[in-house]
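Here are the chains, one letter per residue:
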Amino acid sequence: MAKINFGGVDENVVTREEFTLEHAREVLKDETIAVIGYGVQGPGQSLNLKDNGFKVIVGQRKGKTYDKAVADGWVPGVDLFEIEEACEKGTIIQFLVSDAAQIAIWPTVKKHLTPGKALYFSHGFGITYKERTGIVPPADVDVIMVAPKGSGTSLRRLFLQGRGVNSSYAVYQDATGRALERTLALGIGVGSGYLFETDFKREVYSDLTGERGTLMGAIQGILSAQYEVLREHGHSPSEAFNETVEELTQSLMPLFAEKGMDWMYANCSTTAQRGALDWMGPFHDATKPVFEKLYQRVASGEEAQVSIDANSKPDYREGLEKELKALRESELWRTGAAVRKLRPEEIDR
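Residues numbered from 1 in each chain as written. Predicted model: local features only at pLDDT ≥ 70, side-chain atom pairs only at ≥ 80, totals over all residues. Heavy atoms only, no water.

Trainee: Before we go on, may I ask you to explain the overall build of the protein chain in this structure?
Mentor: Within the protein chain, the regular secondary structure consists of 17 helices and ten strands. The C-alpha atoms of the protein chain give a radius of gyration of 22 Å, which matches the 20 Å a tight globule of 349 residues would have. Referenced to the eigenvectors of the C-alpha coordinate spread, the extents of the protein chain come out at roughly 65 × 50 × 50 Å. By the burial criterion, 40% of the 349 residues in the protein chain qualify as buried. Looking at the protein chain alone, contacts between residues at least 24 apart form 67% of all its contacts between residues at least 6 apart. When the accessible surface of the protein chain is totalled, it reaches about 19,100 Å², and 55% of it is carbon and sulfur. (Helix = DSSP H or I, 4+ residues; strand = E, 2+ residues; numbered from the N terminus. Rg over C-alpha atoms; globule rule 2.2 N^0.38 Å. Buried < 20%, exposed > 50% of the residue type's maximum accessible area, 1.4 Å probe, protein only. Contact = heavy atoms within 4.5 Å. Areas by Shrake-Rupley, 256 points an atom, 1.4 Å probe, with all protein chains shown as cover.)

Below is the structure:
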């Protein structure tokens, strides 16, 4: 484990050079990794582990998602099972169903957590809000986490490109004395770029804040606000979209992802530079109170309860589809669909 300085703060980081894939295989050579759930994180993590040479099985109820697992090469009765059978066979149970589904199937999973097994999460929700979820593991199993900082789709795609998604890791309960090495081995096995230390509470607090904030909620709110202002002042849909979304995602984001926002500020036009420096303060001051309110709601458990209550409604899917349909059919994203079709796949040189 290495200490790396992040902006003046030393953090514990584990790299693939330090904790090699060969060592990870040695640590888990006698383990059967049961990946429970084949929805968001399940496919990427299970396929990456399988390709990296670990013994992996998948537990999934029959239906469309089960059929997707079969299409991905998992064989019923060989390495694809119903959830209960997979939990029984696994020595490490990767609990990768949704937060709401974790609550529903926890009794099934819990009865197969025999002494010495490991219960693995990729999100701190179930454990951190245990008073609300009822997920309280027995004391004689390891409770661990590896949380990739990206979607399961990105985890798989970058793995196939020979790259990786950075992940956080945590040990909540060490019953065997091997919890940390199991965690790190799994983190390397799923294809993490590097692993940084956290705990279950910090992971879920930062994750819920990020999802509702700059990763999805805040960014959609800001994009739609700017687009609406431009349209209300007479700009065409294509002009408003290009200035709001297309330039950001296709030109600027790849550059500041590669080089940083400081580089971007130093390498744009002087007009853009001056305006960005002058206006970042007002936007910061306007939005920080919203982020603070959001964080406090996450920390209090209010956001967790909203999620639990919403996902437990029998008509949740129908209501969700109405909300997503409204977003999809807004002028902003109908314009986006048209603009995406006009992107040149390859520029002639």
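Trainee: What is the right way to look at the sheet that holds strand 1 (residues 2-6) in this model?
Mentor: Each strand in a sheet pairs with another by means of backbone hydrogen bonds, the pair being arranged parallel or else antiparallel. In spatial order, the strands read 1-2-10-9-8-7-6-3-4-5; together these ten strands make up an open sheet with mixed pairing. For this open sheet the edge positions go to strand 1 and strand 5 (80-81), each flanked by a neighbour on one side alone. One ladder, built from six bridges, connects strand 8 (residues 142-148) with strand 9 (residues 165-173); its direction is antiparallel. Counted as the bridge partner of Ala147 is Ser168 from strand 9. Sheet strands in contact with helix 9 (residues 179-189) are strand 2 (9-15), strand 3 (33-36), strand 6 (92-95), strand 7 (118-121), strand 8, strand 9 and strand 10 (192-197), and its direction is about 25° off that of strand 8. Here helix 10 (residues 200-212) sits on the sheet in contact with strand 7, strand 8, strand 9 and strand 10, set at roughly 30° to strand 8. (Pairing = 2+ DSSP bridges. Axes fitted to C-alpha atoms, helices over the stretch in contact; angles between N-to-C directions.)

Trainee: I would appreciate a short explanation of the packing of aromatic side chains in the present structure.
Mentor: A ring pair, where both rings are aromatic, is described by two values, the distance of the centres and the angle of the planes. The final tally for this structure, using the stated rule, is ten aromatic pairs. Here Phe95 and Trp106 contribute two aromatic rings whose centre-to-centre distance is 6.2 Å and whose plane-to-plane angle is 40°, an arrangement assigned as tilted. With Phe95 in strand 6 and Trp106 in helix 5 (residues 99-110), the pair connects residues that are eleven residues apart, well separated along the chain. Of the residues examined, Phe95 reaches a relative accessible area of 1% and is grouped as buried. Site record: aromatic cluster; members linked through ring pairs are Phe95, Trp106, Phe121, Tyr172 and Phe200. (Phe/Tyr/Trp six-rings, centres within 6.5 Å; stacked < 30°, edge-to-face > 60°.)

Trainee: I tried to follow the side chain of His112 on my own but got confused; where do I start?
Mentor: Locating His112 in the fold gives a position in the loop between helix 5 and strand 7. Relative accessible area serves as the criterion here: at 13%, His112 is assigned to the buried category. Not counting residues within four places of it along the chain, the set of residues in contact with His112 comprises Glu84, Cys87, Glu88, Ile93 and Lys117.

Trainee: How should I be thinking about the layout of surface pockets in this particular structure?
Mentor: Gaps left between atoms show up when a probe the size of a water molecule is rolled over them. Estimated volume of the second largest pocket: approximately 1,800 Å³. Lining the second largest pocket we find 31 residues, and of these Ile219, Ile222, Leu248, Phe256 and Met261 sit closest to its centre. Those elements giving two or more residues to the lining of the second largest pocket turn out to be helix 11 (217-232), helix 12 (237-259), helix 13 (261-266) and helix 14 (270-300). (1 Å grid on protein atoms, 1.4 Å probe; cavity = no way out; pocket = protein on both sides within 12 Å on 5 of 7 lines; lining within 4 Å. Points joined across faces, edges and corners; volume = space filled by probe spheres on them.)

Trainee: Would you mind showing me how to read the pairing of strand 4 (residues 56-59) here?
Mentor: Walk down a regular strand and you will see the side chains alternate between the two sheet faces. Here strand 4 shows no split at all, with Val56 and Val58 on one side and Ile57 and Gly59 on the other all buried. Relative to strand 4, strand 3 runs parallel, the two being bridged by four bridges. Residue Ala34 lies in a different strand from strand 4, and its bridge partner there is Ile57. Remark: the strand 3/helix 2 (residues 42-51)/strand 4 crossover connection has right-handed handedness. Relative to strand 5, strand 4 is paired through two bridges, and the arrangement is parallel. When the bridges of strand 5 are listed, Gly59 appears paired with Phe81. (Right-handed = clockwise from strand over helix to strand, strands pointing away.)

Trainee: I'm lost on helix 10 in this one. Help?
Mentor: Because an α-helix packs 3.6 residues into every turn, residues spaced three or four apart end up facing the same way. With 13 residues, helix 10 ought to run about 18 Å at 1.5 Å a step, and its terminal C-alpha atoms sit 18 Å apart, in line with that. Considered for burial, the residues of helix 10 that qualify are Phe200, Glu203, Val204, Tyr205, Asp207, Leu208, Thr209 and Gly210. In this structure Asp199 caps helix 10, since a side-chain oxygen of it lies 3.2 Å from the backbone nitrogen of Lys201. (Expected span 1.5 Å × (residues − 1). Polar contact = N/O pair within 3.5 Å; in protein donor to acceptor, adjacent residues only side chain to side chain.)

Trainee: For this particular structure, what's the right way to read the packing of helix 12 against helix 17 (residues 331-341)?
Mentor: How two helices pack is summed up by the angle between their axes together with the distance between the axes. In the contact formed by helix 12 and helix 17, the axes pass within 10 Å of each other and the chain directions differ by 85°. Judged by the inter-axis angle, helix 12 sits roughly perpendicular to helix 17. Between helix 12, through Pro237, Ser238, Phe241, Asn242, Val245 and Glu246, and helix 17, the contact on the second element is made entirely by Glu331, Leu332, Trp333, Thr335, Gly336 and Val339. (Parallel < 35°, antiparallel > 145°, perpendicular 65-115°, else oblique.)

Trainee: Would you take a moment to explain the pattern of salt bridges for this structure?
Mentor: Working definition: two side chains of opposite charge can pair if their charged atoms are close together. Under the definition given, this model contains 22 salt bridges. The partner of Lys68 in a salt bridge is Asp72, with the nearest N and O atoms 3.1 Å apart. The class of Lys68 is partly exposed, set by a relative accessible area of 40%. Overall, the relative accessible area of 31% leaves Asp72 in the partly exposed class. Its salt-bridge partner being Arg231, residue Glu331 comes within 2.6 Å of it at the nearest N-O pair. Placement of Glu331 in helix 17 and of Arg231 in helix 11 is noted, with a sequence separation of 100 residues between them. Classification of Glu331 as partly exposed rests on a relative accessible area of 30%. With relative accessibility at 29%, the residue Arg231 sits in the partly exposed group. A network of salt bridges, in which partner residues are shared, links Glu31, Asp142, Arg178, Glu181 and Arg182. (Salt bridge = Lys/Arg side-chain N within 4 Å of Asp/Glu carboxyl O.)

Trainee: Please clarify how the environment of Trp74 should be interpreted in this entry.
Mentor: Looking at the secondary structure, you find Trp74 in the loop between helix 3 (64-71) and strand 5. Classification of Trp74 by relative accessible area gives buried; the value is 1%. Along the primary structure Trp74 and Glu11 are separated by 63 residues, whereas in three dimensions their C-alpha atoms are 38 Å apart. With near-sequence residues (within four places) excluded, Trp74 lies in contact with Tyr38, Ser46, Leu47, Lys50, Val56, Val58, Ala69, Asp79 and Leu80.

Everything listed is a geometric property; what it means functionally is a separate question.
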